[in-house]
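Structural characterization, general
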Amino acid sequence: MTMNFFRGVMGGQPAGPQPTGAETIHKLCDRVASSTLLEDRRDAVRALKSLSKKYRLEVGTQAMDHLVHILQTDRSDSEILGYALDTLYNIICNDEEEEQDESEDENAQKQEEDLGVLFTDKFLGDSENVTLLLTLLEEFDFHVRWPGVKLLTALLKNQCNQVQGVILVSPMGVSRLMDLLADSREVIRNDGLLLLQQLTKGNAAIQKIVAFENAFERLLDIITEEGSSDGGIVVEDCLLLLVNLLKNNSSNQNFFKEGSYIQRMKPWFEVGDDNSGWSAQKVTNLHLMLQLVRVMVSPVNSPGATSSCQKSMYQCGLLQQLCTILMATGVPADILTETINTVSEVIRGSQINQDYFASVNAPSNPPRPAIVVLLMSMVNERQPFVLRCAVLYCFQCFLYKNQKGQGEIVATLLPSTIDANSISAGQLLCGGLFSADSLSNWCAAVALAHALQDNLTQKEQLLRVQLATSLGKPPVSLLQQCTNILSQGDKINRRGSKVQTRVGLLMLLCTWISNCPIAVTHFLHNQENVPFLTGQISENLGEDERLVQGLCALLLGICIYYNDNSLENYTKEKLKQLIEKRIGKENFVEKLGFVTKHELYSRAAQKPQPVFPSPEQMLFDHEFTKLVKELEGVITKAVHKTSEEEKKEEEVKKTLEQHDSIVIQYKDLIRDQDTQIQELREQVSTLSLNSEQMQNQITQQQSQIQQHKDQYNILKLKLGKDSQGLSSSHGEGAHVNGLHSEELSQLREEVEELRRQHTLQHTQLSDKDSLINTLRCGAAAAAQTAEGGTGGSDNTELLGEVESLRSRVQAQCAEISQLQTERLELIRRAEAVSSAPASSSESSADTVTVSELESRLAAQTTEAERLKEECRGLREGHAGLEQQLASAQSTVAIEQTEKTKLQQEVQESKKEQDDLLMLLADQDQKILNLKQRLRDLGETVRETICSYCRPRPCSQTTEEDPPPQKFKGLCYYYCFSGGRWSC
């Protein structure tokens, strides 16, 4: 169809002029716009696609609107959509080959580069075009989806912010792009990664949306599927996208950590023993992986997030894996350098990680600490410059906020801990500090300064370090040797003296004596130091020496500010007078300002890692820039102050200290008062709760009282009605005389029975009292006769008797309850008899008079009242009996306790008797042995005769005598005394 079209356009006039490219494109655009058949439009769009690279400007200028219209109207045909998207991509994308072809003409090249931006702006003139493109990406057809992904990527490259804004407000826009990662066709998935890389650049909102669309899980799965560090360029694209999502985005970093994705990074760094033959792609992948770890623990992140990530990396073993790479052999130099930088930031400021790193040993014979091995590389001038910078950064991070590590490093320099058979970190630092290599001097000085950073104890300890300079000369201190190198180097050849070495030593001295009056005194004690500093500051030197002058001014200013006036010749006032006479205050301040005005100062102040393009530019340390910023202002003020101002300032300081002490006292008082107020509030809340509870109880009791009052009034009303009924029916009561007499006789009999039972209970209670007294006497007797061994059986009998009494008391309680029930029944019957209505008044009216009825009724009423009183008395007597019974039970319990104590005493007495018998037996045995020895010697020994009976030996007993008792082989003597045989 296209060829027919060309024949129709050009074949009819073979002899005439050929149409230009612009004319051809114009006719194709008319064909796209006017053709009604889909096939004609498709052929025209295919022709535009073939011409879009050669005639980029013409196609973009004339055909863009028609192509967008095709995307809107011909959604049903995937082929024409693919042609239209490819054509738009060709006119918007800046092809590299095209740029290389036009590189000969710079103007043409710039024009071609601007074409992509121009057509991108034209396409983005209507934001609905981007929305339309996002809708087309939902098509699964390869010929639509793939060119759509490429077109959107080109738009993002040319106008990233504008396209990001449209996608951000588009419903489900980011979600549609995330679906590309799940496409089974690798081409679309890989180009989707490139699209997401461009989309997530510099836009935190889109980065968050992509992260919460499960991007981390999908990307890590792709990396694992592609072979991790051994994978291809797809792994590189995934890592670049991860870096975009995490860098400077605290929300995504926290989500990455909380999702346990840090643990999934550990297998990436598992390297084997044979590390030879690393491919360029593997080096790139591993470099990006290390960069991803550094993004999570970067010093620019918030301290809390960095600390949390460092902890996770230690717990999952990632730090251990990185240290393994650090000590492995055959690792490429750039990977080793980046690994050192990564380990540095993983341990920076984390005590547990720093302690682990201090315990890591290199696989050498004998094993050496990893710190020592790294320092050997740092002070070795043959090592690459970037590697030495990485080692210095690692050492700085190891000592950052690590007073324990600082103490260990300084301890290797002290005389008591130096081991001549091994190389220590202190020896390496001293060797680098005084070597011929200026870079080693600077690195060693900065490393040693970090060992003293914010640590007054180690600054004082380092003053003890003594160095042997040469044979036959006494050792000098490390502080003095540093100043000697500064002064001697200047005297020999100032131009030949290396600025880098002098700057490093001056930074070390400034860090050492700052905030340490003892170190300042040691420094000023050398009479040559102050004249050297004033001489350096006062001279007019070249541009290269200005930095040295500024650092000398800083060092002299520190000597003034932290001076405790312990040296009479170098007090604060005398040093300021010296500056005013030899240098001049304004000149001194001007020289001091040379430090912060240096171009390398601001570069070093940006970030902790020492990154320098060349060794010559390695002059400032990041932590030292903080110290300069802190001290510059206070030193300037201290130099300009007069003695009167200093006195006033000291008075103000004293006043402030007093004020601070008063404030502290008031704070303590307020804190105590707050505690008391809190306690009082708690008491008030407790009392309020108790008050509410008491109020509720009072309300309940009032309601109960009111109920009782109502019941009492009802009963009173009923009793009034009953008494009125009795008084109004005198004749009616005569009819019940027979019933009253029978029931009254029954009541009298029951009352008599109750009286007899009451008397019986009193008798039983008396018996119990006498028994209790007997028990008490028996207990006392048992205590007296405990040694005779007869107390056990008596106590058993007493216990049995108490148990029987207890059962009898329980039976009597049951009888008393039964009597109470019967009494209540009698009272009820009596009340029923007294209030019973009379039914036959007419039959007995002739036999009984009204006066008799009244007298009998009164007698019956009196008898009923008397019975009630007796019942009440019986109730009170029962209560008394119960009380006496309880008292008796408590008495029995007390006696039982006393009996137990007596039994224990008896057992102890028996034990003591057994011990005495043992002693007596031993004594008797000794006596018998002595007697036998006397007999053997011919002496006469008299036999022992019983002193209580007839004089004969115990062995000559008669039949009525008890047989001799043996106890452990010894014979005891018995006599009859007091009516019984006893030993």
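Since the structure is predicted, the reported quantities are computational estimates derived from the model, not experimental observations. Within any chain, residue numbers begin from 1 and follow the written order of that chain's sequence. Restriction of local features to residues with pLDDT of at least 70 applies here, the model being predicted, together with a cutoff of 80 or more for giving and counting side-chain atom pairs; totals for whole chains, interfaces and linings are based on all residues. By convention in this description, side-chain values take in all heavy atoms of the structure and omit both hydrogens and water.

**Section: the overall build of the protein chain**
A tally of helices and strands in the protein chain yields 40 helices and eight strands. Exposure is judged per residue with a 1.4 Å probe applied to protein chains only, and the accessible area is read against the type maximum: over 50% gives exposed, under 20% gives buried, and values in between give partly exposed. Looking at the protein chain as a whole, 42% of its 983 residues qualify as buried. Exposure was quantified through the Shrake-Rupley algorithm and a 1.4 Å probe, taking into account, for residues, occlusion by the shown protein chains and nothing else. Working note: accessible area of the protein chain is about 54,000 Å², and carbon and sulfur atoms make up 51% of it. Elements are defined by DSSP. Helices are runs of H or I of four residues or more, strands are runs of E of two residues or more, and each kind is numbered from the N terminus.

**What about a negative patch on the surface?**
The patch calculation keeps residues exceeding 30% relative accessible area without a salt bridge and links them within 9 Å when they carry like charges or within 5 Å when they are nonpolar (Val, Leu, Ile, Met, Phe, Trp, Tyr). Counted as salt bridges are all cases of a side-chain nitrogen of Lys or Arg within 4 Å of a carboxyl oxygen of Asp or Glu. Counted charges follow a simple rule, with Lys and Arg positive, Asp and Glu negative, and His plus the chain ends left uncounted. By convention, the charge on Lys lies at NZ, on Arg at CZ, on Asp at CG and on Glu at CD. A surface patch of negative charge is lined by E905, E908, E912, D914 and D915. With respect to the helices and strands, D914 occurs in helix α40 (residues 850-936).

**A look at the packing of aromatic side chains**
The rule is short: rings of Phe, Tyr and Trp, with Trp giving its six-membered ring, pair when the centres are within 6.5 Å, and they are stacked under 30 degrees, edge-to-face over 60, tilted in between. Tallied over the entire structure, the rule returns eleven aromatic pairs. Grouping aromatic residues by their ring pairs yields a cluster made of F212, F216, F255, F256 and Y261. In this structure, R185 packs its charged tip against the face of F140, placed 3.9 Å from the ring centre. The ring of W278 is capped by K282, whose NZ or CZ atom sits 4.5 Å from the centre of that ring. Lysine and arginine charges are scored as sitting over a ring when NZ or CZ, respectively, is within 6 Å of the ring centre and within 35 degrees of the ring normal.

**Looking at the environment of T596**
Positionally, T596 belongs in helix α34 (residues 594-597). Considering only alpha carbons, one finds T596 and V628, 32 residues apart in sequence, at a separation of 7.8 Å. A contact between two residues is defined here by any heavy atoms of the two lying within 4.5 Å. Among all residues touching T596, those that are not within four sequence positions of it are Y601, V628 and E632. Side-chain atoms alone can form a polar contact between residues adjacent in sequence; in general such a contact is a pair of N or O atoms within 3.5 Å, and within protein one must be able to donate a hydrogen while the other accepts it. Within the structure, T596 has its side chain in polar contact with the backbone oxygen of G593 (distance 3.3 Å).

**Things to note about helix α24 (residues 425-433)**
With respect to burial, α24 is a largely interior element, seven of its nine residues being buried. Within α24 the residues assigned to the buried category are A425, G426, L428, L429, C430, G432 and L433.

**Some points on the nonpolar core**
To form a nonpolar core, buried Ala, Val, Leu, Ile, Met, Phe, Trp, Tyr and Cys residues must be joined to one another through side-chain atoms within 4.5 Å. Among the nonpolar cores identified, the biggest contains 206 residues, and L152, L177, W268, F269, F357 and W512 are the most heavily contacted of them. In this view, F269 contacts L286, M289, L290, V293, L318, Q321, L322 and I325; residues no more than four positions away in its chain are not counted.

**Quick look at the environment of T642**
Along the chain, the position of T642 falls in the loop between α36 (622-640) and α37 (643-728). Under the relative-accessibility criterion, T642 is labelled partly exposed at 36%. In the structure, T642 is positioned 66 residues away from K576 in sequence and 9.0 Å away in space, judged by C-alpha atoms.

**Quick word on a nonpolar patch on the surface**
Where nonpolar side chains cluster on the molecular surface, the patch consists of I662, Y666, L669 and I670 and spans about 390 Å² of accessible area. Following the sequence through the fold, L669 ends up in helix α37.

**Side note on α36**
Given a helix with a known number of residues, its expected span is that number minus one, times 1.5 Å. Its 19 residues give α36 an end-to-end C-alpha distance of 28 Å, which sits within 8% of 27 Å, the value for a rise of 1.5 Å per residue. Throughout, bend refers to the angle between the axes fitted to the seven residues that end at a position and the seven residues that start at it. Maximal helix bending in α36 amounts to about 35°, located at L631. Those residues of α36 not exposed but buried are H622, E623, F624, T625, L627, V628, L631, I635, A638 and V639. Two or three places before E623, at the start of α36, stands the capping residue D621, its side-chain oxygen 3.3 Å from that residue's backbone nitrogen.

**Regarding the pattern of salt bridges**
Close approach of charged atoms allows side chains of opposite charge to pair. Counted under the stated rule, the structure contains 22 salt bridges. Ionic pairing is found between D40 and R31, a salt bridge with its closest N-O pair at 3.3 Å. By relative accessible area, which is 13% here, D40 ends up buried. With relative accessibility at 19%, the residue R31 sits in the buried group. Of the charged contacts, one joins D86 and K49 as a salt bridge, the two residues approaching to 3.4 Å between their closest N and O atoms.

**Some points on the state of the cysteines**
Our working definition of a disulfide is a cysteine sulfur pair at a distance within 2.5 Å. A complete count under the given rule lists zero disulfides for this structure. Free of any disulfide, C389 has its nearest cysteine sulfur in C443, 6.3 Å distant. Overall, C389 belongs to the buried group, its relative accessible area being 7%.

**So, the environment of R145**
Checked against the element boundaries, R145 lands in helix α9 (residues 142-158). Overall, R145 belongs to the buried group, its relative accessible area being 8%. Put simply, R145 and L180 are 35 residues apart on the chain and 9.2 Å apart in space, counted from C-alpha to C-alpha. For R145, the residues in contact, after removing those within four places along its chain, are L137, E139, F140, D179, L180, D183, R185 and I188.

**Some details on the side chain of N249**
Relative to the helices and strands, N249 resides in the loop between α14 (233-246) and α15 (250-258). Within the structure, the side chain of N249 is placed 2.9 Å from the side chain of Q207, a separation counted as a polar contact.

**Points about unusual backbone geometry**
Here N365 and P366 are connected by a cis peptide whose omega angle stands at 0°. When you line up the elements, P366 lands in the loop between β1 (361-362) and β2 (368-369). In the Ramachandran plot, S260 falls in the positive-phi region, its phi being about 60° despite a non-glycine side chain. On the secondary structure map, S260 appears in the loop between α15 and α16 (280-296). At N565, a position not held by glycine, the phi torsion is positive, near 60°. Here N565 shows up in the loop between α31 (546-561) and α32 (572-582). For N565, a relative accessible area of 41% puts it in the partly exposed group.

**Thoughts on the confidence of the model for the protein chain**
On a scale of 0 to 100, pLDDT captures the predictor's confidence in every residue. Residue-level pLDDT values for the protein chain average 80, and 75% of them are 70 or greater. pLDDT under 50 marks residues 97-104. Its contacts with residues more than four places away, or in other chains, come to eight contacts. For the stretch residues 833-850, pLDDT sits under 50, and the model shows 22 contacts to residues farther than four places along the chain or on other chains.

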